[in-house]
Amino acid sequence: MPLEIAEAESPSRLGIVRSMTIDLTGLWNFADPAASERSLREALCAATGDDAIILRTQIARTHGLRRNFDEALRILVELEPSVPGASAAARAHYALELGRARVSATHGADALTDDAREEARSHFERAASEARAAGLDALAVDAIHMLALAETEPAAQLRRTREALAVAVVSSQPAARRWEASLLNNLGCALHAEGRFEEALAEFTRASDLRAAQGDAAAHRIARWMIGWTLRSMGRLADALEVQNALEAECAAAGAPDPHVFAELAAIHEALGDAARALAYRSRSA
């Protein structure tokens, strides 16, 4: 149970300012990539220039989220001739999606080879450079956070995540600031992977506080799950149980029972020596 896009004016390679007219945020539903593709293609019918390039990169992304990586790459390769003369925003989006077509959270472990990671890193670096030079903070944060995903060592993931967080927290752009809670979550995960549970708990708590302030109940539940997970890792079983029991009740009230919560409850009860209750929750976590 454990990660936004807005555009501003972007200078072209010649220093000419072009403004984005497409609001990508309104076209995306990350829970339904197929529906997002339909919305993006509808917008593409009336788009030209940089907007058309960016929309096509996002269509490629919908295929990556559905594990159709060959189709994502086909769209991006077809788009390549139009990219060099495009705006910084379009070039950054293109490089970012090229990287995501090679390395992303939807790739299987067998696809995440050293060569794939190296190629993806080069694309993400280029996307981050283009975005930062043009003052496109949210896009830069996205690219840097993908660099963290392309790393294999927790120390490198920590370094990249902190780099992305440093851009987000000082930005005056709301779309970049909205990344903060997700990045704190990622920071907590990297710390957890290193066994640095106290530090991970602090980051997850900061993420939870931000989610609560944002008023997104589902995201807040995820943030609290991370806290409970870490408490269990620390051996604080009573505290972990209190968190997961509360989440179980809230998810039930929302009509959205969560198998991740059941899996944690099973692990907690197993650690407490209650095999029967652990088995009951385990059967609900599948």
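It should be emphasised that the depicted structure is a prediction, and the values quoted were computed from it without experimental measurement.

S.K.: Describe the overall build of the protein chain, naming the residues involved and giving the relevant values.
M.R.: The helix and strand inventory of the protein chain stands at 14 helices and 2 strands. Summarising its shape, the C-alpha atoms of the protein chain cover approximately 65 × 40 × 35 Å along the three principal directions. When each of the 286 residues of the protein chain is scored for burial, the buried share is 50%. Separation between the mean location of the 31 positive side-chain charges and that of the 41 negative ones in the protein chain comes to 1 Å.

S.K.: Break down the environment of Leu 183 for me, with residues and values.
M.R.: Assignment of secondary structure puts Leu 183 in helix α9 (residues 180–193). Its relative accessible area of 0% is what places Leu 183 among the buried residues. Expressed as a C-alpha distance, the spacing of Leu 183 and Arg 236, which sit 53 residues apart in the sequence, is 25 Å. Setting aside anything within four residues of it in sequence, one finds Leu 183 in contact with Val 141, His 145, Thr 161, Ala 164, Leu 165 and Ala 168.

S.K.: Please provide a residue-by-residue account of the side chain of His 93, values included.
M.R.: Its place among the elements puts His 93 in helix α4 (residues 88–102). At a separation of 3.5 Å, a polar atom in the side chain of His 93 contacts the side chain of Gln 58.

S.K.: Requested: an account of the side chain of Glu 203, with residues and values cited.
M.R.: Along the chain, Glu 203 turns up in helix α10 (residues 197–214). Of the residues examined, Glu 203 reaches a relative accessible area of 13% and is grouped as buried. Of the polar contacts made by the side chain of Glu 203, one reaches the side chain of Arg 206; its length is 2.8 Å. Residues within four places of Glu 203 in sequence aside, it is in contact with Leu 184, Leu 187, Gly 188 and Leu 191.

S.K.: I'd like to hear about the pattern of salt bridges, residue by residue, with values.
M.R.: Evaluation of the coordinates by the stated rule reveals 25 salt bridges. Arg 56 is the salt-bridge partner of Glu 78, the closest N and O atoms lying 3.3 Å from each other. With Glu 78 in helix α3 (residues 69–79) and Arg 56 in helix α2 (residues 49–65), the pair connects residues that are 22 residues apart, well separated along the chain. A residue is classified by how much of its surface remains accessible, and Arg 56, at 25% relative accessible area, is partly exposed. Notably, a salt bridge pairs Arg 74 with Glu 71, separated by 2.8 Å at the nearest N-O pair. Here Glu 71 and Arg 74 lie together in helix α3, a separation of 3 residues that amounts to about one turn. Residue Glu 71 is classed as partly exposed on the basis of its relative accessible area, which comes to 25%. Through salt bridges that share partners, Glu 118, Arg 121, Glu 125, Arg 132, Glu 151, Arg 160 and Glu 163 make up one connected network.

S.K.: Now, about the packing of aromatic side chains: what can you tell me, with residues and values included?
M.R.: Taken as a whole, this structure holds 4 aromatic pairs when the rule is applied. Aromatic side chains Phe 204 and Trp 229 sit 6.2 Å apart centroid to centroid with 50° between the ring planes, which places their arrangement in the tilted category. A residue pair is termed long-range when its members are at least 10 positions apart, and Phe 204 in helix α10 and Trp 229 in helix α11 (residues 217–233) qualify at 25 residues. The residues Phe 204 and Trp 229 share a single accessibility class, namely buried. Ring centres of Trp 225 and Trp 229 lie 5.9 Å apart, and the angle between their planes is 20°; this geometry places the pair in the stacked category. One end of the pair, Trp 225, and the other, Trp 229, are both in helix α11, 4 residues apart, so they sit about a helical turn from each other.

S.K.: Outline the packing of α10 against α11, supporting the account with residue identities and numerical values.
M.R.: Running from amino to carboxyl end, α10 crosses α11 at an angle of 165°, the nearest separation of the two axes being 8 Å. For the element pair α10 / α11, the angle class is roughly antiparallel. As α10 packs across α11, the resulting crossing turns out to be left-handed. Of the residues in α11, those in contact with Phe 197, Ala 200, Leu 201, Phe 204, Thr 205, Ala 207, Ser 208, Arg 211 and Ala 212 of α10 are Ala 219, His 220, Ala 223, Arg 224, Met 226, Ile 227, Trp 229, Thr 230, Leu 231 and Ser 233.

S.K.: Kindly report on the packing of α3 against α4, identifying the contributing residues and their values.
M.R.: Orientation of α3 relative to α4, taken along the N-to-C sense of each, is 150°, at an axis distance of 9 Å. The pairing of α3 with α4 is recorded here as roughly antiparallel in orientation. You can see that α3 and α4 cross each other, and the crossing is left-handed. Residue-level contacts link Phe 69, Ala 72, Leu 73, Leu 76, Val 77 and Leu 79 of α3 to Tyr 94, Glu 97, Leu 98 and Ala 101 of α4. Partitioned by chemical class, the residues of the contact of α3 with α4 number 9 nonpolar, no polar and 1 charged.

S.K.: Explain the environment of Ala 127 to me, and be specific about the residues and the numbers.
M.R.: Its location among the elements puts Ala 127 in helix α5 (residues 114–133). Look at Ala 127 and you get buried, because its relative accessible area is 1%. Expressed as a C-alpha distance, the spacing of Ala 127 and Leu 191, which sit 64 residues apart in the sequence, is 26 Å. Beyond its immediate stretch of four places on either side in the chain, Ala 127 contacts Ala 92, Ala 95, Leu 96 and Ala 143.

Here is what the cut-offs are and how they apply
What you see as residue numbers is a count from 1 along each chain, following the sequence as written. Per-residue local features of the predicted model are confined to residues with pLDDT of at least 70, and side-chain atom pairs are confined, for both listing and counting, to 80 or more; whole-chain, interface and lining totals are unaffected and use all residues. Working from all heavy atoms in the structure, the side-chain values ignore hydrogens and water. The secondary structure listing takes helices from DSSP runs of H or I that are at least 4 residues long and strands from runs of E that are at least 2 residues long, numbered from the N terminus. Exposure classes here rest on a 1.4 Å probe applied to the protein chains alone. A residue is buried below 20% of its type maximum, exposed above 50%, and partly exposed in between. Only four residue types enter the charge count, namely Lys and Arg as positive and Asp and Glu as negative; His and the chain termini do not. Where a charge lies is defined by one atom per residue type: Lys uses NZ, Arg uses CZ, Asp uses CG and Glu uses CD. Any two residues whose heavy atoms approach within 4.5 Å at even a single point are treated as in contact. Whenever a nitrogen or oxygen atom comes within 3.5 Å of another N or O atom, the pair is scored as a polar contact, on the condition that within protein one atom can donate a hydrogen and the other can accept it, and that pairs from neighbouring residues in sequence are kept only if both atoms are in side chains. By salt bridge we mean one thing: a side-chain nitrogen of Lys or Arg within 4 Å of a carboxyl oxygen of Asp or Glu. Between the rings of Phe, Tyr and Trp (Trp by its six-membered ring), a pair exists once the centres lie within 6.5 Å; its type follows the angle of the planes, with under 30 degrees stacked, over 60 edge-to-face, and the other angles tilted. Here, axes are lines fitted to C-alpha atoms. For helices the fit covers the stretch in contact, and angles between N-to-C directions go from 0 to 180 degrees. An angle below 35 degrees is treated as roughly parallel, one above 145 as roughly antiparallel, one from 65 to 115 as roughly perpendicular, and anything else as oblique. Handedness of a crossing is defined here by the sense of rotation of the near helix relative to the far one, left-handed for an anticlockwise turn of less than a right angle and right-handed for a clockwise turn. In this count, Pro and Cys sit with the nonpolar residues alongside Ala, Val, Leu, Ile, Met, Phe, Trp and Tyr, while Asp, Glu, Lys and Arg are called charged and the others, Gly among them, polar.

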